[in-house]
Amino acid sequence: MIGTLLKRDLAKFFPFAGGGTSLPVMFFVAIAMLYPFAVGPDPNILSRTGGGVVWIAALLAAILPLEKLVAQDIELGFFDQLRLRGLTEEMMMAMRLVAHWLSFGPPLIIATLPAAALLAIDGPTLYLLLLGLLAGTPGLAAIGLVIAAITASLRTGAALSGLLLIPLSLPILIFGAGALARQEAANIGIVAAISLGLVAMAPFAAGAAIKAAREV
Amino acid sequence: MMQAQLTASNLACRRGDRLLFRKVSFELGAGAALHVTGVNGIGKTTLIRSLSGLTTPFAGEIRRVGEVGLLDERPALDLDQPLGKALAFWQQVDRCVDPAVAQGELGLERLLEVPVRYLSTGQRKRASLAILLTREVPIWLLDEPLSGLDAAAIEAVTQLIKDHVSAGGIALIASHQQLDIDDLEALELGDYVPEQEEEEDK
C-alpha cells in the first residue's frame, strides 16, 4: 500500500509528470537569469554574490509547491479514505515528504548547473553550493510540508505558508550560504544536521495537523 | 459472510460550540440496515464521521466489529487523472481482484478515459461507490449515496445495498430519499436534538 501511495504522490507532484508542476524550477532559473541584469555583468561581483542568490532562489522556489501539497487531498477526502484502510497519518506524511523532496530537490540541484554558469560561479564554490543544496533541500521540504499541513484548512493558507517558511528556513540559509563565503565544508554538516532533525520531526507534526483539521 | 457489528450508546456530537444531538443509541448486527434522516445541518455527516472513527464523538461510546467503508460527497479521486487511472490507485491499495464487476454494475466502463474533473455529480458519486466496492468491508457508512443519481443508477445502488445487507453486511445510510430496502430501520435525528436548541428555533 505504501509503495502505491508513493507512486501516486510522485505522479501528482513530480515536474513534467501528469499533475506536477515545473514552476519552482523555472522560477529558480529565472532568478539566476535576472540577477546579472539587475547588478550588471561584472564577473567579480557575480561570482562573489551568486552563491547567495542561488540559495535565496532555492528558498523562494520551495514555497511554490506548498499550496497544492496537502490542502487538495484533504478536500478530496484522500487522507480519510487511507485512514479507514489502516494507514496512519504519519506514514502518509512521510510518503508525502519523500515525494515532495524528490519533486523539487533534485530538479533544483540539476538546475543549479545552468544557474551557476549564468552567475559566473567558479568550481570550488559550485561544489559547496551543490553539496549545501543536497543537504538543505530535505530540510526545506520538511518545513514546507508541516506548514502546508497546518495551513491546509485555512482560507488564506497559501499566502500564509510563504510568510511562515521564510523565517523557519533561516538557519538552513545562514549555514548553507555561510559555507560559500568562508569556503568551508564543515558548515554543510550543520545544514545536514538541521535537515535531519526537521525530516525526522515533520511526518509527526504534519500528521497531527491533519488529524486536528478533522475536528472542527 | 463476515462478522459485523456497529453499536452506538448514548452518542452526542457537536460542531463548534453547538451540541447537535445527544443520547443516540442503536445496535446493528449482521444484515441490518439503518436509514438516518433529518433536516439539513442536523448532523448526519458528523454522526457518520464519528461512527467511522475519523473524529471523536463529544460523548458516548461506539463499538465496531469489522472494517468500515465510508462514502461521502468527496470522491477521493485525482481530478487531473482519467477515471480509469484514478480508480486503479484504489484497486491497487485494496488489492481488488476483479474491479470490472463493480464498474459494470455502476455503468462506469464508458467513462474510464474521461478525466475526473469533467465528470458530473452523479458520475462522481458512482465512481465513489466503485471505490467502496473495490474493498470488501462489512460496515458501510453511506452519506447521501443517492444524491445526483438518475433513476437507473438509484435502482442499481439500492440493489448493491440490498446485496451487501443480505450477505451479512451492515449499511447505515443518511439520505433524504426514500429507500426501497426490506427491514429498513429508521433513525430520525430530529428526535435527539437538545431541547434548548428547539426553543431557540421557535
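Residues numbered from 1 in each chain as written. Chains lettered and ligands numbered in written order. Predicted model: local features only at pLDDT ≥ 70, side-chain atom pairs only at ≥ 80, totals over all residues.

Draft legend 1. Up close: the overall build of chain B. In terms of helices and strands, chain B carries six helices and eight strands. Along the chain direction, N to C, the helices and strands of chain B fall in the order β-β-β-α-β-β-α-α-α-β-α-β-β-α. A compact globule built from 202 residues should have a C-alpha radius of gyration of about 17 Å, and chain B, at 17 Å, falls within 12% of that. Overall, chain B is about 50 × 35 × 30 Å in size when its C-alpha atoms are taken along their principal axes. Per-residue burial for chain B yields a buried fraction of 42% across its 202 residues. (Helix = DSSP H or I, 4+ residues; strand = E, 2+ residues; numbered from the N terminus. Rg over C-alpha atoms; globule rule 2.2 N^0.38 Å. Buried ≥ 20, exposed ≤ 12 C-beta atoms within 10 Å, placed from the backbone.)

Draft legend 2. Geometry of the packing of helix H2 (residues 83–93) of chain B against helix H4 (residues 121–133) of chain B. Residue and element names in this part refer to chain B. H4 packs onto H2 with a crossing angle of 30° between their chain directions and a minimal axis gap of 9 Å. Between H2 and H4, the angle falls in the class roughly parallel. In this structure, H2 crosses over H4, and the sense of that crossing is right-handed. Facing Leu83, Leu87 and Trp90 of H2, the residues of H4 in contact are Ala127, Ala130 and Ile131. (Axes fitted to C-alpha atoms, helices over the stretch in contact; angles between N-to-C directions. Parallel < 35°, antiparallel > 145°, perpendicular 65-115°, else oblique. Left-handed = near helix turned anticlockwise from the far one by under 90°. Contact = placed C-beta atoms within 7 Å.)

Draft legend 3. Broad picture of the interface of chain A and chain B. Contacts between chain A and chain B engage 18 residues on the former and 18 residues on the latter. Listed by contribution, the elements that provide at least two residues to the side of chain A that touches chain B are helix H1 (2–13) and helix H6 (78–84) of chain A. For the side of chain A that touches chain B, the leading source of residues is H6(A), giving five residues. The class makeup of the residues in the side of chain A that touches chain B is five nonpolar, five polar and eight charged. (Nonpolar A, V, L, I, M, F, W, Y, C, P; charged D, E, K, R; others polar.)

Draft legend 4. Representation of the pairing of strand S6 (residues 139–143) of chain B. Residues and elements named next belong to chain B. Here S6 lies mainly inside the structure; five of its five residues are buried. Every second residue of S6 is oriented toward a common face, with Ile139, Leu141 and Asp143 on one face and Trp140 and Leu142 on the other, all of them buried. Inspection of the sheet shows strand S5 (residues 68–71) paired to S6 by four bridges, in the parallel sense. Bridged to leucine 70 within S6 is leucine 141. When S6 meets strand S7 (residues 170–174), the two strands line up parallel, connected through five bridges. When the sheet's bridge partners are listed, leucine 141 is paired in S7 with leucine 172. With helix H5 (residues 151–166) bridging S6 and the parallel S7, this β-α-β connection has right-handed handedness. (Pairing = 2+ DSSP bridges. Right-handed = clockwise from strand over helix to strand, strands pointing away.)

Draft legend 5. Seen up close, the environment of B:Thr46. All names here are of chain B. In this fold, threonine 46 is placed in helix H1 (residues 44–52). For threonine 46, a count of 20 C-beta atoms within 10 Å gives the class buried. The sequence separation of threonine 46 and arginine 126 amounts to 80 residues, and the corresponding C-alpha distance is 22 Å. Setting aside residues up to four positions removed in sequence, threonine 46 forms contacts with Cys13, Arg15 and Leu20.

Draft legend 6. Representation of the pairing of strand S2 (residues 18–28) of chain B in the model. Residue and element names in this part refer to chain B. Where strand S1 (residues 5–15) lies against S2, seven bridges are found, and the strand directions are antiparallel. Looking across to S2, one finds that leucine 6 is bridged to leucine 28. Two successive antiparallel strands, S1 and S2, enclose a turn made up of two residues, where glycine 16 displays a positive phi of approximately 60°.

Draft legend 7. Region of the structure containing the environment of B:Glu136. Checked against the element boundaries, B:Glu136 lands in the loop between H4 and S6. Owing to 14 C-beta atoms within 10 Å, B:Glu136 belongs among the partly exposed residues under this scheme.

Draft legend 8. Quick peek at the packing of H1(A) against helix H7 (residues 89–118) of chain A. All names here are of chain A. Two elements in contact, H1 and H7, have axes whose closest approach is 9 Å; the angle formed by their N-to-C orientations is 40°. Relative to H7, H1 is oriented oblique. Between H1 and H7 lies a crossing whose hand is right-handed. Across from Ile2, Leu5, Leu6, Asp9, Leu10 and Phe13 in H1, the residues of H7 making contact are Met91, Met92, Met95, Arg96, Val98, Ala99, His100, Leu102 and Ser103. Here the contact of H1 with H7 is built from residues that sort into eleven nonpolar, two polar and two charged.

Draft legend 9. Up close: unusual backbone geometry. Residues other than glycine seldom take positive phi values, yet A:Ala120 does so here, at roughly 55°. Topologically, A:Ala120 is positioned in the loop between H7 and helix H8 (123–151). A positive phi is found at B:Lys23, a non-glycine position, where the angle reads about 55°. Note that B:Lys23 resides in strand S2.

Draft legend 10. Region of interest: H7(A). Residues and elements named next belong to chain A. With 30 residues, H7 should cover 44 Å at 1.5 Å per step; its first-to-last C-alpha distance of 42 Å lies within 8% of that length. Along H7, the largest kink reaches about 30° and is centred on threonine 112; proline proline 114 follows within four residues of it. Downstream of H7 by a residue or two, alanine 120 has a phi angle that is positive, lying close to 55°. (Expected span 1.5 Å × (residues − 1). Bend = angle between axes of the 7 residues up to and from the residue.)

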